Amino acid sequence: MSSRSVAVLGATGSIGRATIDVLERLGSEWRVAAISGHRRLDTLAELARRTSARQVVLSDASAGGDWSECEWPAGVEFSRGPEALVQAATAAEVDTVVAAIVGRAGVESTLAALQAGKRVALANKETLVCAGPVVAELLGKSPTERLAGPAERLAGPASGGRLLPVDSEHSAIFQCLAAGPDNPRRLILTASGGPFRQWSLEQMQAATVAEALEHPTWRMGKKITIDSATMMNKALELIEARWLFGCPAESLEVVVHPQSIIHSMVEFADGSVVAQLSPPDMRLPIQYALTYPQRLPCPSPPLERGKPWELTLEPVDQERFPAIPLGFEVAAKGGTAGAVVNAANEAAVDLFLSGQIRFTDIVPACRAALEHHTFEERPSLSRLLELDRWARAEVGRWSCRA
Ligand code: NAD
Ligand code: MG
């Protein structure tokens, strides 16, 4: 394999650090060219020393700290602010971008990387949820009635940017589609069910931040952990799948699988269901997005086969988890719906984390924003970003309801 040069955007987060672990083990053909973190200079300096990245970006231009107070490796180029993220994502020396920033903040750098023809390993699902119509247009694929096959259709034009999924469900579907790219009937996303899988609605109304952050199977950043508790994460993933695979919302399904071993499944025209199984460790889908179509040894441990397994599948309770019907609705609508719900969710999660709304207010706040906005089917990026700001302000009105 020829040598590869990678920009890890959001390097200080859970996916970013797992990516650096994968890259270190892949060996000397893989070089970290650029890293970013949002606020913590000391963490960024530690990662710069560990990876020898030449470009280092602190994306929050207003974050305090004097960069000369940290210990940097020789030759580092240091820059600040969101524009610096775009520069790192599009730098000539970079061929692969790992989009591991959380939230809508990842949109511009991910789009810029695709526009610049980079291979993008996409963890930042919010890019597709918010700007799905723009990405679909950019990759030369309008959403069609047809499900996308694994490689070429997902990848877009050979010379342009290509998108490879890191989200474990989408990576699983991507891998399953290799079994019959032309005849998938249903894409079945699995969900752990989160910490409140067996809680009543009344119990969820009183859920604390600490309880919502206690995920049973995955260790992740705060925002996605809260999204898993509301199951908004699965709603976002339904929308992500719609844009990624160019499939109609009716071909998507969600099942609850508390063990987080089956990462998703594809049902084909003949009724055969193909599943991808592995322990809950993000290093596997991260590495597959980097090395595709090659499969190489991975630090993720093998499945324990020396004792009996229990793999259960349950339907989702849509009454206790109203995020799921909301996700199906938004996946079916497309257009501006995703940007509004994504922004509303980000704002509502922040309000919940700071004790200003109840856990059970998060999804209704998102639905209210969706219902109050004026839908457009073919929005521009600037319109989507304008609606993002609008939806955040709308949700601000829900504060002090805790
Ligand atoms: P995290 O909170 O651990 O890390 C987020 C990263 O983004 C950090 O490097 C942080 O400094 C940076 N960041 C935060 N705000 C920013 C801003 N405004 N501008 C620029 N950078 C900013 O999050 P995570 O769990 O690693 O998740 C990252 C993305 O991957 C999310 O979109 C998430 O949905 C997705 N994802 C995560 C997992 C997982 O297991 N953690 C699994 C699937 C998908
Ligand atoms: Mg996922």
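Structure: above.
First, a word on scope: everything that follows refers to the structure included in this document. Since the model is a prediction, treat every value here as computed from it, not as a measurement.

## Remarks on the site of ligand 1
Surrounding ligand 1, one finds 22 residues, the nearest of these being Thr12, Ser14, Ile15, Glu126 and Gly221. At 3.4 Å from an oxygen atom of ligand 1 is found a main-chain nitrogen or oxygen belonging to alanine 123. One of the side-chain nitrogen or oxygen atoms of glutamate 126 is found 2.7 Å away from an oxygen atom of ligand 1. Here ligand 1 loses 85% of its free accessible area of 830 Å² to cover by the protein chains.

## Observations concerning the coordination of the magnesium ion (ligand 2)
Coordination of the magnesium ion (ligand 2) by the protein comes from Asp167 (OD), Glu169 (OE) and Glu237 (OE), over a distance range of 2.1 to 2.2 Å. Expressed as a motif, the donor residue spacing for the magnesium ion (ligand 2) is D-x1-E-x67-E. Of this pair, glutamate 169 sits in helix H7 (residues 168-176) while glutamate 237 sits in helix H11 (residues 232-245), placing them 68 residues apart in sequence. The two residues glutamate 169 and glutamate 237 agree in class, both being buried.

## A short note on the packing of helix H4 (residues 107-115) against helix H5 (residues 125-138)
Here H4 crosses H5 at 25°, and the two axes come no closer than 10 Å. By the angle between their directions, the pair H4 and H5 is classed as roughly parallel. Two packed elements cross with a definite hand, and for H4 against H5 that hand is right-handed. Between H4, through Val107, Thr110, Leu111, Leu114 and Gln115, and H5, the contact on the second element is made entirely by Glu126, Thr127, Cys130, Ala131, Val134, Val135 and Leu138.

## What about the side chain of arginine 104?
Summarising the element assignment, arginine 104 is placed in the loop between strand E5 (96-99) and H4. Setting aside residues up to four positions removed in sequence, arginine 104 forms contacts with Glu126, Cys130, Asn342, Glu346, Leu385, Asp388 and Arg392.

## Thoughts on the sheet that holds strand E10 (residues 262-268)
What the four strands build is an open sheet, ordered E9-E8-E10-E11; its pairing is mixed. What marks the edges here is a single partner per strand, and that holds for strand E9 (252-256) and strand E11 (273-277). The mean inter-strand angle of the sheet, taken between neighbouring strand axes irrespective of direction, is 20°. In this sheet, E10 lies alongside strand E8 (residues 184-191) in antiparallel orientation, the contact comprising five bridges. Bridge assignment links isoleucine 188 to a residue of E10, and that residue is methionine 265.

## Side note on the pattern of salt bridges
On inspection of all chains with the given rule, the structure shows 31 salt bridges. Aspartate 227 is paired through a salt bridge with lysine 223; the nearest N and O atoms lie 2.9 Å apart. In this pair, aspartate 227 and lysine 223 are both assigned in helix H10 (residues 222-230), four residues apart and thus about one turn of the helix distant. Using a relative accessible area of 1% as the deciding quantity, one classes aspartate 227 as buried. Among the salt bridges present, the one from aspartate 281 reaches arginine 283, with a minimum N-O distance of 2.8 Å. Aspartate 281 gets classed as buried once you look at its relative accessible area, which sits at 14%. A residue is classified by how much of its surface remains accessible, and arginine 283, at 16% relative accessible area, is buried.

Rules and cut-offs
- Per chain, residue numbering runs from 1 following the sequence as it is written.
- For this description, chains carry letters from A and ligands carry numbers from 1, given in the order in which they are written.
- This being a predicted model, a pLDDT of at least 70 is required before a residue's local features are given, and a value of 80 or more before pairs of side-chain atoms are given or counted; all residues contribute to the totals for chains, interfaces and linings.
- To get the side-chain values, take all heavy atoms of the structure and skip hydrogens and water.
- For each residue, the test is whether any non-hydrogen atom lies within 4 Å of the molecule or strand; if one does, the residue is near.
- Pairs of N or O atoms within 3.5 Å make up the polar contacts considered here, provided that, within protein, one atom can donate a hydrogen while the other can accept it, and that residues adjacent in sequence are counted only when both atoms are side-chain atoms.
- For every accessible area listed, the method is Shrake-Rupley and the probe measures 1.4 Å; residues are considered covered only by the protein chains on display.
- Note that water is not among the atoms used; donors are N, O and S atoms within 2.8 Å of the metal (3.2 Å for Na, K and Ca), so sites may look incomplete.
- Counting from the N terminus, the helices are DSSP H or I runs at least four residues long and the strands are E runs at least two residues long.
- We call a residue buried when its accessible area falls under 20% of the maximum for its residue type, exposed when it is over 50%, and partly exposed in between, using a 1.4 Å probe and counting protein chains only.
- Angles here are taken between N-to-C directions and fall from 0 to 180 degrees, while the axes themselves are lines fitted to C-alpha atoms, restricted in helices to the stretch in contact.
- The cut-offs work like this: below 35 degrees is roughly parallel, past 145 is roughly antiparallel, 65 to 115 is roughly perpendicular, and the gaps in between are oblique.
- We call a crossing left-handed when the near helix sits turned anticlockwise from the far one by less than a right angle, and right-handed when that turn is clockwise.
- Contact between two residues is taken to exist if any of their heavy atoms lie within 4.5 Å; hydrogens are not considered.
- Whether two strands pair depends on DSSP finding at least two bridges between them.
- We define a salt bridge as a contact between a side-chain nitrogen of Lys or Arg and a carboxyl oxygen of Asp or Glu at a distance within 4 Å.

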